[in-house]
Amino acid sequence: MKLDDAGVAPDPVDARLGARLAELRAERGWSLGELAERSGVSRSTLSRAERAETSPTASLLNRLCGVYGRTMSQLLSEVEAEPALLVRAADQQVWQDRTSGFLRRSVSPPHTGLRGELVEGRLRPGADIAYDRPPVPGLEQHIWVLEGALDVTAQDVGHHLDAGDCLRLRVWGPTRFRCSGPDAVRYVLAVVLP
């Protein structure tokens, strides 16, 4: 196993994710430079992510999903071994963007052929995530806040959601998720491909 500069082995999920990102680029015959032009992400950042030298951020994965025409859940499910019909809570894949304070749990059993999925999101107080574009234009999202408060901005319209509130929208442009309360926010995101 390859070690990073600090002599630590990469996270297994990051290693599989990096390998899958490299495969997707190779399948299209793109160089790192071509992918950098298409995604707006630097060659060095792309290279480090593919080699699992860094854990990719949610924003970076969102950009790459847009280029590859996948949702984040689809991409993450591709790094799992075998899709199952039932995924126990303890076995649900969890991914964390340590930079932004975003924790993402894939609740639905992964399957690339289905259009809908459930994701649990958690943001620490003050966490703020901005996506410059949806991974798939016209993506339908239902955001149901279970605990805390969440501010969502889509198409330049802001929405404040408290526990129990649910927002439905179709995503065509930039979005922003911000934990606006003094406590962490936990929400369910239902994603439906157009």
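Residues numbered from 1 in each chain as written. Predicted model: local features only at pLDDT ≥ 70, side-chain atom pairs only at ≥ 80, totals over all residues. Heavy atoms only, no water.

(A) A look at helix H4 (residues 58–68). Counting buried residues along H4, eight of its 11 residues qualify, which places the element largely inside the surrounding structure. Where H4 is concerned, the buried positions are Ala58, Leu60, Leu61, Asn62, Leu64, Cys65, Val67 and Tyr68. (Buried < 20%, exposed > 50% of the residue type's maximum accessible area, 1.4 Å probe, protein only. Helix = DSSP H or I, 4+ residues; strand = E, 2+ residues; numbered from the N terminus.)

(B) Spotlight on the side chain of Asp151. Counting through the fold element by element, Asp151 comes out in strand S6 (residues 149–154). Among the polar contacts listed, one links the side chain of Asp151 to the side chain of His160, at a separation of 2.7 Å. Within the structure, the side chain of Asp151 is placed 2.8 Å from the side chain of Arg178, a separation counted as a polar contact. Those residues within four positions of Asp151 in sequence are excluded, and the remaining contacts are His159, His160, Arg176, Phe177, Arg178 and Ser180. (Polar contact = N/O pair within 3.5 Å; in protein donor to acceptor, adjacent residues only side chain to side chain. Contact = heavy atoms within 4.5 Å.)

(C) A look at the sheet that holds strand S7 (residues 157–162). Spatially, S4-S9-S6-S7 is the arrangement adopted by the four strands of the open sheet, whose pairing is antiparallel. Edge positions in the sheet fall to strand S4 (128–131) and S7, since each of these pairs with one other strand and no more. Looking at each pair of strands side by side, their axes are set apart by 15 degrees on average, direction ignored. For S6 and strand S9 (residues 175–179), the ladder comprises five bridges, and the chain directions are antiparallel. Along S9, the bridge assignment pairs Leu150 with Cys179. (Pairing = 2+ DSSP bridges. Axes fitted to C-alpha atoms, helices over the stretch in contact; angles between N-to-C directions.)

(D) The arrangement of the packing of aromatic side chains in detail. Evaluation of the coordinates by the stated rule reveals three aromatic pairs. Judged by centre distance (5.9 Å) and plane angle (15 degrees), the ring pair of Trp30 and Tyr68 falls under stacked. A residue pair is termed long-range when its members are at least 10 positions apart, and Trp30 in the loop between helix H1 (12–28) and helix H2 (32–39) and Tyr68 in helix H4 qualify at 38 residues. The exposure class assigned to Tyr68 is buried, which follows from its relative accessible area of 6%. Measuring from centroid to centroid gives 6.0 Å for Phe177 and Tyr187, while their planes differ by 25 degrees, and the two rings are stacked. A residue pair is termed long-range when its members are at least 10 positions apart, and Phe177 in strand S9 and Tyr187 in strand S10 (residues 185–192) qualify at 10 residues. For Tyr187, a relative accessible area of 4% corresponds to the buried category. Aromatic ring contacts, followed pair by pair, group Tyr131, Phe177 and Tyr187 into a single cluster. Against the face of Trp30 rests Arg28, its NZ or CZ located 5.8 Å from the ring centre. (Phe/Tyr/Trp six-rings, centres within 6.5 Å; stacked < 30°, edge-to-face > 60°. Lys NZ or Arg CZ within 6 Å of the ring centre and 35° of its normal.)

(E) Molecular detail of the pairing of S7. Taken together, the six bridges between S6 and S7 define a ladder with antiparallel strand orientation. Opposite Val152, over in S7, you have His159 as the bridge partner. Hairpin connection between S6 and S7: a loop of two residues separates the two successive antiparallel strands, and Gln155 in this loop has a positive phi of roughly 50 degrees.

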